[in-house]
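Below, each chain spelled out in residue letters.
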Amino acid sequence: MKSIGFFYSVFKEKRATEYSIEQLRIQYPNSSIYLVSDGGLDFSYLENQYDNLKTLLEEDTMSDTFNITAGSTGCDYTIGNYREPFYREAIKKCAYTVLDRTARAIEYCGNPDWMVMCDPDCLIRGQLSFPEEGKILGTRINCCFPVGYRNILDSIDGATPISRWGSSPCVFEVKTFLNALEKFRYLDTTQNLLDRLCEEFYALYAHDVLFPTLFALVGEEEIFNPDVVECTRNPNWRNTNHPLVHQFREYY
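Summarised in this report is the structure supplied together with it. (Residues numbered from 1 in each chain as written. Predicted model: local features only at pLDDT ≥ 70, side-chain atom pairs only at ≥ 80, totals over all residues. Heavy atoms only, no water.)

### A word on the nonpolar core
Formed by 49 residues in total, the largest nonpolar core has its most connected members in Phe172, Phe177, Leu204 and Phe211. When residues of this core are traced back to their parent elements, those giving at least two are β2 (33-38), α2 (85-108), β4 (114-118), α3 (147-154), β9 (170-173), α4 (174-191), α5 (193-200) and α6 (207-216). Every residue in contact with phenylalanine 172, bar those within four places of it in the chain, is listed here: Thr102, Ile106, Asp113, Trp114, Met115, Met117, Lys135, Ile136, Phe177, Phe211 and Phe215. Residues Phe43, Val116, Leu128 and Val171 belong to the second largest nonpolar core, which totals 24 residues. (Core = buried A, V, L, I, M, F, W, Y, C linked by side-chain atoms within 4.5 Å. Buried < 20%, exposed > 50% of the residue type's maximum accessible area, 1.4 Å probe, protein only. Helix = DSSP H or I, 4+ residues; strand = E, 2+ residues; numbered from the N terminus. Contact = heavy atoms within 4.5 Å.)

### Remarks on the packing of aromatic side chains
In the structure shown here, the tally under the stated rule is 22 aromatic pairs. On the basis of an interplanar angle of 45 degrees and a centroid distance of 5.8 Å, the ring pair of tyrosine 34 and tyrosine 108 is categorised as tilted. Here tyrosine 34, found in strand β2, pairs with tyrosine 108, found in helix α2; they are 74 residues apart in sequence, far enough to count as distant. Assessed through its relative accessible area of 3%, tyrosine 34 is described here as buried. Among the aromatic residues, those joined into a cluster by ring pairs are Phe145, Tyr149, Trp165, Phe201, Tyr202 and Tyr205. We note arginine 15 situated over the ring of tyrosine 251; from NZ or CZ to the ring centre the distance is 5.0 Å. Sitting over the ring of tyrosine 77, arginine 83 keeps its end group 3.9 Å from the ring centre. (Phe/Tyr/Trp six-rings, centres within 6.5 Å; stacked < 30°, edge-to-face > 60°. Lys NZ or Arg CZ within 6 Å of the ring centre and 35° of its normal.)

Dropping the structure here:
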C-alpha cells in the first residue's frame, strides 16, 4: 500500500479549508497534512483538532501575480507585463516558494511515496489510486505551450517536451519530484533556467504549470488522472464515483 502525504496551500477560505480537511480525514485518518497559509488566516487552531497536521502562516507570495498579463497566448509581451522586472521577480518568487514549501511538506509527512497538493476547493471523498506508469497525475486540460518554452525543454538532456498539462489537484510521486527538484536547482544555478522559462510563458507561478514543467526535466509527462472530476466542467459531479473533486466551492 502506498503511503500518502497531503500539502494544503490556502489563503482566507476558512470554512472551505475546514470542510476539505474534515472530509479528507474520513478517508485518510492517519496521513500527515502540511498546511501553509499564504499571507491569509492563521489556521493553527486546526492543530488542536487533528493529529499529524502542521500549519504555518507565511508571507503572501500570490497577490502580486494577480495583476500579471500576457495576452491570450500567455506569451505576448507586447501587450502583457509578465517580462517587466517587477512581475518577473514576482513570478520567480512565487515559483521558488511553492517548491520550497512542497519540499518541507514532504519532509514533515515523512517522505511518503506520494503527495497530493490541495487547495481549499479540493474535496477527497474516496480512496485515491496511483497507477504504476505515472509519476505526476492531472487533468491534462490545457495544451499548446509557446514554441520558445518547448524549445528550452528540448535543449535539456533527458527532458521531455510538454504537450498537455493541468495538474490541479497535483498528485505526484515523491521520489521523482525530489530528483526533478535537484535537477531544476542545478539547471537554475548553471543556466538560469527559471529566468529563461519566464521569458517564454507567464504562468510559472501556478503549480498546475510549474509541476508538469519540473517533472518534464526528468522525462516524465503528466498523465491523465481518472480519479478527478471538476465541478464546473461536469454538472453531474455529485452523482459520479470520482474520489477526487476539484473546484468544490460551496463553502467559499
